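A look at the structure
Chain by chain, the residues run as shown.
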Amino acid sequence: MDKKKVAFICVHNSCRSQIAEALGKHLAGDKFDFYSAGTETKSQINQDAVRLMKQLYGIDMEQSQYSKTIDKIPTPDIAISMGCDVGCPYIGRAFDDNWGLPDPTGQGDEIFKYVIMQIEKRLNELKNYFCTSNDGFNQNQTKGYTNSIAGQSALCGLAHFL
């Protein structure tokens, strides 16, 4: 069975979306294909994010990830905005969810760790939502996921946390 493609989108694709891609691959890469992208790029991934992901999870994001635009990744089944505090990216379609996470760039390690832990929590909720019944995917699950979010359902606790 084909894995669902999940894309994490930010404006610059340098911090939150990169963290989500790396953690997604680490936590649920056997169930989903994870990507990150932005509407603009940066010359490198945020170095505080790189350092903390190595420290907390042993993941070196710079080995296989780089800042890229949405046209450089496959069309996602699920598109998640990381938050619009630095501007809402336009990707040519509606987002399936907006995680509304603050951009930790320029902040201290505690803010970074908070954002990383929120991303981990939401990734586990995403995985649980799609992978609890018979360890497979249902054709209508993506629509159900989107509707549960749009309706502010408590299902999986994916409504805004802030």
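Look up: the structure comes first, before these words.
Treat the numbers as computed from the prediction; the structure is a model and nothing was measured. (Residues numbered from 1 in each chain as written. Predicted model: local features only at pLDDT ≥ 70, side-chain atom pairs only at ≥ 80, totals over all residues. Heavy atoms only, no water.)

1. A look at the pairing of strand β3 (residues 78-81)
Side chains on a regular strand alternate between the two faces of the sheet. Spelled out, the test is: Think of it in three bands: with a 1.4 Å probe and only protein chains considered, a residue is buried below 20% of the maximum accessible area for its type, exposed above 50%, and partly exposed in between. Secondary structure elements are defined from DSSP: runs of H or I of at least 4 residues count as helices, runs of E of at least 2 residues count as strands, and each element is numbered from the N terminus. One bridge is not enough; two strands pair if DSSP finds at least two bridges between them.
Burial of the side chains of β3 extends over both faces: I78 and I80 are buried on one face and A79 and S81 on the other. Sheet topology note: the strand β1 (residues 4-10)/β3 ladder contains four bridges and is parallel. In the strand pairing of β3, I9 is matched with S81. For β3 and strand β4 (residues 97-98), the ladder comprises two bridges, and the chain directions are parallel.

2. Some remarks on the sheet that holds β3
Filter applied, for reference: Contacts are residue-level and defined by heavy atoms, with any inter-residue pair within 4.5 Å sufficient. The angle between two axes is taken between their N-to-C directions and runs from 0 to 180 degrees, where each axis is a line fitted to C-alpha atoms and a helix contributes only its stretch in contact.
Spatial strand order, β2-β1-β3-β4: four strands in an open sheet with parallel pairing. This sheet does not close on itself; its edge strands, each paired only once, are β2 (32-38) and β4. Against the sheet, helix α1 (residues 16-28) engages β1 and β2, with an angle of about 170° to β2. Contacts from helix α3 (residues 109-131) reach β1, β2 and β3, with the element oriented near 135° to β2.

3. So, the nonpolar core
Put simply, the test is: Residues enter a nonpolar core if they are buried and are Ala, Val, Leu, Ile, Met, Phe, Trp, Tyr or Cys, with the set joined through side-chain atoms within 4.5 Å.
F8, I19, L23, M53, M61 and I119 are the most contacted members of the largest nonpolar core, which has 33 residues in total. When contributions to this core are tallied by element, the ones reaching two or more residues are β1, α1, β2, α2 (47-57), β3 and α3. Per element, the largest residue contribution to this core is nine residues, and it comes from α3. Residues in contact with L23, not counting those within four places in the same chain, are A28, M53, Y57, I59, I116, I119, E120 and L123. The next biggest cluster of nonpolar side chains, apart from the first, holds six residues, and it includes I9, A37, I73 and I91.

4. A short note on α2
Heads up, the rule is: Polar contact is defined as a pair of N or O atoms within 3.5 Å, subject to the rule that within protein one atom must be able to donate a hydrogen and the other to accept it, and that residues adjacent in sequence are counted only when both atoms are side-chain atoms.
Buried within α2 are the following residues: A49, V50, L52, M53 and Y57. On the buried face of α2, the contacting elements are α1 and α3. Taking the backbone nitrogen of D48 as reference, a side-chain oxygen 2.8 Å away marks N46 as the first, capping residue of α2. Directly after α2, the chain includes G58, whose backbone phi takes a positive value near 70°.

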